[in-house]
Amino acid sequence: MSLLVQKYGGTSVGSIERIEQVAEKVAGFRAQGHDIVVVVSAMSGETNRLIGLAQQIQETPDPRELDVLVSTGEQVTIALLCMALKKRGLDARSYTGGQVRILTDSSFTKARIQAIDEENMRADLKLGRVVVVAGFQGVDEHGNITTLGRGGSDTTGVALAAALKADECQIYTDVDGVYTTDPRVCERARRLEKITFEEMLEMASQGSKVLQIRSVEFAGKYKVPLRVLHSFKEGPGTLITLDEEDSTMEQPIVSGIAFNRDEAKVTVAGVPDTPGVAAKILAPVGEANIEVDVIVQNVSADGTTDLTFTVHKNDMNKAVTVLESVAKEIGAREVRSDDKVAKVSIVGVGMRSHAGVASRMFTALAEDRINIQMITTSEIKISVIIDERYLELAVRSLHTAFGLDAEPSEGRVRG
């Protein structure tokens, strides 16, 4: 039988009834002889409630104390789930991140895992216990409670699976797998049987909310088989794998369409076209802890150029403030901003071996009279910035253009 690490998100444990359902599911796996480690999030809405309490006292809560506060959400869930498992005659033991000894750095609210002591968990598993671990949290070398950032329970699950060399890490959520795009935007979206870590990482980074990016990175790095499943519906879900080769079928050109509504565009216009000027613009933005995404620099005209880049919508005004002073220093003409844009991306490892992918994408958008404002590419991804009004139309158009609407053939679309 297998060693499985199962992670259940906030909606999966959002009520006593749902916690009981999770316990029933876990009991079913134990009855089949599997060893089980369960990682749980706080009950849905609880983390936001705790943050709201903190903000009633401090507008910007102290990071260390905020971690102490929000980590209590998962502590409630692990205790309740263990009680539900014991009620079913199963031996179960709960652990906080600190009790497991999930050692992290000291970056409160966004800590990174450095090491895991799996000794106690292995001992419990040998005794036939179900191990229930609080996701999202750890402890630094000084004994401070830390949290891993939003979606961090996914990372906890994958990290424990890596440390224990589990046969599979199963992420249970409110969707039954990874889809070709968001079904709420495109009703013809369909579930993928398999997707590579590389594709999933691009999908997550370009806006897909199914898995936290860091959890996918972790799984790829440590070769942890990862499967996304529905918490309360039966089905095979989606397997995320390292294997790009599949002898039973051709590799699809495009596996999915990702999108992000949280983009904003900032342009520094009339920049003197001299060496190092881009660094002078972008360095202060980075120092302000603002992440830059797509960057385009126009061809020089009359000795000046325009530098345009995208940031998160929430950071746009901050970026503009930083850049207005920079523009004066370097002699730029003006700083413009636009938060009515969105990013749409096509992703697929099959793009490596197929020509004409970009032209097909651009033709599909042109046929729907959707103007492209910016373009960025990688080996397995092409992203465009467009007017936010046309986002859903663009997603549906590209979904059709790359054959993702078609009936699945053994779970994947042929290129």
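Residues numbered from 1 in each chain as written. Predicted model: local features only at pLDDT ≥ 70, side-chain atom pairs only at ≥ 80, totals over all residues. Heavy atoms only, no water.

Volume-wise, the second largest pocket comes out at about 270 Å³. Tallying contributions element by element places helix α9 (residues 213-222) first for the lining of the second largest pocket, with five residues. When grouped by side-chain class, the residues that make up the lining of the second largest pocket number eight nonpolar, two polar and four charged. (1 Å grid on protein atoms, 1.4 Å probe; cavity = no way out; pocket = protein on both sides within 12 Å on 5 of 7 lines; lining within 4 Å. Points joined across faces, edges and corners; volume = space filled by probe spheres on them. Helix = DSSP H or I, 4+ residues; strand = E, 2+ residues; numbered from the N terminus. Nonpolar A, V, L, I, M, F, W, Y, C, P; charged D, E, K, R; others polar.)

What follows covers the side chain of serine 255. As for its placement among the helices and strands, serine 255 is situated in the loop between β12 (238-241) and β13 (256-260). In terms of polar contacts, serine 255 uses its side chain to reach the side chain of glutamate 199, at 2.6 Å. (Polar contact = N/O pair within 3.5 Å; in protein donor to acceptor, adjacent residues only side chain to side chain.)

Turning to the sheet that holds strand β14 (residues 263-272), a few remarks are in order. On the basis of which strands lie adjacent, the open sheet formed by four strands has the order β15-β16-β14-β17 and antiparallel pairing. The open sheet has two edge strands, β15 (295-297) and β17 (334-338), and neither has a second partner. Averaged over all neighbouring strand pairs, the angle between strand axes comes to 15°, with direction disregarded. As paired strands, β14 and strand β16 (residues 304-312) are joined by eight bridges and run antiparallel to one another. Residue valine 271 lies in a different strand from β16, and its bridge partner there is threonine 305. Across the sheet, helix α10 (residues 277-287) lies against β14, β15 and β16, angled at about 25° from β16, the strand it touches most. Lying over the sheet, helix α11 (residues 316-330) contacts β14, β16 and β17, oriented at roughly 165° with respect to β17. (Pairing = 2+ DSSP bridges. Axes fitted to C-alpha atoms, helices over the stretch in contact; angles between N-to-C directions. Contact = heavy atoms within 4.5 Å.)

Here we take up the environment of alanine 163. The residue alanine 163 is located in helix α7 (residues 152-164) in this model. Look at alanine 163 and you get buried, because its relative accessible area is 17%. Measuring from C-alpha to C-alpha, the distance between alanine 163 and threonine 181 comes to 32 Å, with 18 residues separating the pair along the chain. Leaving out residues up to four positions away in the same chain, alanine 163 has contacts with Ile116, Glu118 and Arg122. (Buried < 20%, exposed > 50% of the residue type's maximum accessible area, 1.4 Å probe, protein only.)

Let's shift gears to the environment of valine 68. Looking at the element boundaries, valine 68 is found in helix α3 (residues 63-70). We classify valine 68 as partly exposed; its relative accessible area is 32%. Along the chain, valine 68 and arginine 129 lie 61 residues apart, while their C-alpha atoms are 28 Å from each other.

A word on helix α6 (residues 119-126). Every buried residue belonging to α6 is among Met121, Asp124 and Leu125, and all of these are buried. Buried residues along α6 cover an arc of 100° about the axis, so they all sit on one side. What points out from α6, more than 90 degrees from its buried face, is the exposed set Glu119 and Lys126. Glycine 128 occupies a position one or two residues after α6 and carries a positive phi of about 85°. (Arc of directions from axis to C-beta.)

Turning to the nonpolar core, a few remarks are in order. Core analysis: the biggest nonpolar cluster contains 41 residues, and Val37, Ile116, Val133, Leu160 and Leu226 have the highest contact counts within it. Ranked by residue count, the leading element in this core is α7, at seven residues. Counting residues in each nonpolar core, the second largest holds 24 residues, with Phe29, Ile78, Leu85 and Leu229 among its members. (Core = buried A, V, L, I, M, F, W, Y, C linked by side-chain atoms within 4.5 Å.)

Remark on secondary structure: sheet strands pair via backbone hydrogen bonds, oriented parallel or antiparallel. Taken together, eight strands build an open sheet; the order of strands is β3-β6-β2-β1-β9-β11-β12-β10 and the sheet is mixed. Each end of this open sheet is capped by a strand with a single partner; those strands are β3 (92-95) and β10 (194-196). Adjacent strand axes in the sheet meet at a mean angle of 20° when their direction is disregarded. Helix α8 (residues 197-205) rests against β10, β11 (226-230) and β12 of the sheet, and its axis sits at about 80° to β10.

Taken as a whole, this structure holds two aromatic pairs when the rule is applied. Note on tyrosine 8 and tyrosine 172: the rings are 4.7 Å apart at their centroids and 10° apart in plane angle, and the pair reads as stacked. Pair noted here: tyrosine 8 is in strand β1 (residues 3-8) and tyrosine 172 is in strand β9 (residues 168-173), with a separation of 164 residues, a long-range link. Of the two residues, tyrosine 8 and tyrosine 172, neither departs from the other in class, the shared state being buried. (Phe/Tyr/Trp six-rings, centres within 6.5 Å; stacked < 30°, edge-to-face > 60°.)

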